[in-house]
Amino acid sequence: MSENCIFCGIVAGTIPSTRVAETDRAIAFMDIAPATPGHLLVVPRTHSTDLREAAPEDLTAATLLAQSLVGRVIERLDGATGANLLSCIGADAWQSVFHTHLHVIPRYPDDPMVLPWKPESGDLDEIKAVHAKLV
């Protein structure tokens, strides 16, 4: 637990939340600033800053809980036809709460959510140069 972490407070029950599901290692609750109706957050109970620090067991538990919730939102929310599963790592990647978490964002035809990345063909030489750094 981190005493200044809002998600640790939610896990501990000292900060109110609208819980949707939980396991012994992870909990899921409604996002209070939803991108679309039904936007959920899934967090490991144990504090870690992001998925680079998360224990494999915690990350597995959170991912499995998110997987079950993706199916639930598509099946139960009127009009939901898909979902985004998103993890932000670092402030430049839009992380605002530094406790490992996954966003489960239901998607609807013509919903207002847009990401700033628009896929376009990349430069093959640059792709190969970056590849060489990663293998």
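Refer to the structure above for everything that follows.
So, here's what we can say about the structure. (Residues numbered from 1 in each chain as written. Predicted model: local features only at pLDDT ≥ 70, side-chain atom pairs only at ≥ 80, totals over all residues. Heavy atoms only, no water.)

## Side note on the overall build of the chain
Move 1: Scanning the chain from N- to C-terminus turns up three helices and five strands.
Move 2: Ordered by position from the N terminus, the helices and strands of the chain form the series α-β-β-β-α-β-β-α.
Move 3: Across its three principal directions, the C-alpha atoms of the chain cover 50 × 35 × 25 Å.
Move 4: Taking all 135 residues of the chain together, the buried fraction comes to 35%.
Move 5: Considering only residue pairs separated by 6 or more positions, the chain has 55% of its internal contacts joining residues 24 or more positions apart.
Move 6: Of the roughly 8600 Å² of accessible surface on the chain, 56% is carried by carbon and sulfur atoms.
Move 7: The centroid of the 10 positive side-chain charges in the chain is displaced by 3 Å from the centroid of its 17 negative side-chain charges. (Helix = DSSP H or I, 4+ residues; strand = E, 2+ residues; numbered from the N terminus. Buried < 20%, exposed > 50% of the residue type's maximum accessible area, 1.4 Å probe, protein only. Contact = heavy atoms within 4.5 Å. Areas by Shrake-Rupley, 256 points an atom, 1.4 Å probe, with all protein chains shown as cover. Lys, Arg positive; Asp, Glu negative; His and termini not counted. Charge placed at Lys NZ, Arg CZ, Asp CG, Glu CD.)

## Some details on the pattern of salt bridges
Move 1: In the structure shown here, the tally under the stated rule is five salt bridges.
Move 2: For Glu 22, the salt bridge is made with Arg 19, and the minimal N-O distance between the two is 3.3 Å.
Move 3: Judged by its relative accessible area of 32%, Arg 19 is partly exposed.
Move 4: Its salt-bridge partner being Arg 25, residue Asp 58 comes within 2.9 Å of it at the nearest N-O pair. Remark: Arg 25 occurs in the loop between β1 (19–22) and β2 (26–30) and Asp 58 occurs in helix α2 (residues 56–76); sequence separation between them is 33 residues.
Move 5: Given a relative accessible area of 5%, Asp 58 falls into the buried group.
Move 6: Judged by its relative accessible area of 32%, Arg 25 is partly exposed.
Move 7: It is possible to trace a salt-bridge network through shared partners that takes in Arg 19, Glu 22 and Arg 45. (Salt bridge = Lys/Arg side-chain N within 4 Å of Asp/Glu carboxyl O.)

## What about the layout of surface pockets?
Remark: the empty space left among the atoms is shown by a probe the size of a water molecule rolled over them.
Move 1: By volume, the largest pocket is sized at about 510 Å³.
Move 2: Every element with two or more residues in the lining of the largest pocket is listed here: α1 (6–12), β2 and β5 (102–107).
Move 3: With three residues, α1 is the single largest residue contributor to the lining of the largest pocket. (1 Å grid on protein atoms, 1.4 Å probe; cavity = no way out; pocket = protein on both sides within 12 Å on 5 of 7 lines; lining within 4 Å. Points joined across faces, edges and corners; volume = space filled by probe spheres on them.)

## Things to note about helix α3 (residues 124–134)
Move 1: Across the 11 residues of α3, zero count as buried, placing the element largely on the outside.
Move 2: Measuring from the backbone nitrogen of Asp 125 back to the side-chain oxygen at the start of α3 gives 3.2 Å, which picks out Asp 123 as the cap. (Polar contact = N/O pair within 3.5 Å; in protein donor to acceptor, adjacent residues only side chain to side chain.)

## Regarding the side chain of Asp 50
Move 1: Tracing the backbone shows Asp 50 in the loop between β3 (40–44) and α2.
Move 2: The class of Asp 50 is buried, set by a relative accessible area of 3%.
Move 3: Side-chain polar atoms of Asp 50 contact the side chain of Arg 52, separated by 2.7 Å.
Move 4: Not counting residues up to four positions away in its chain, the partners in contact with Asp 50 are Ile 89, Gln 95 and Thr 100.

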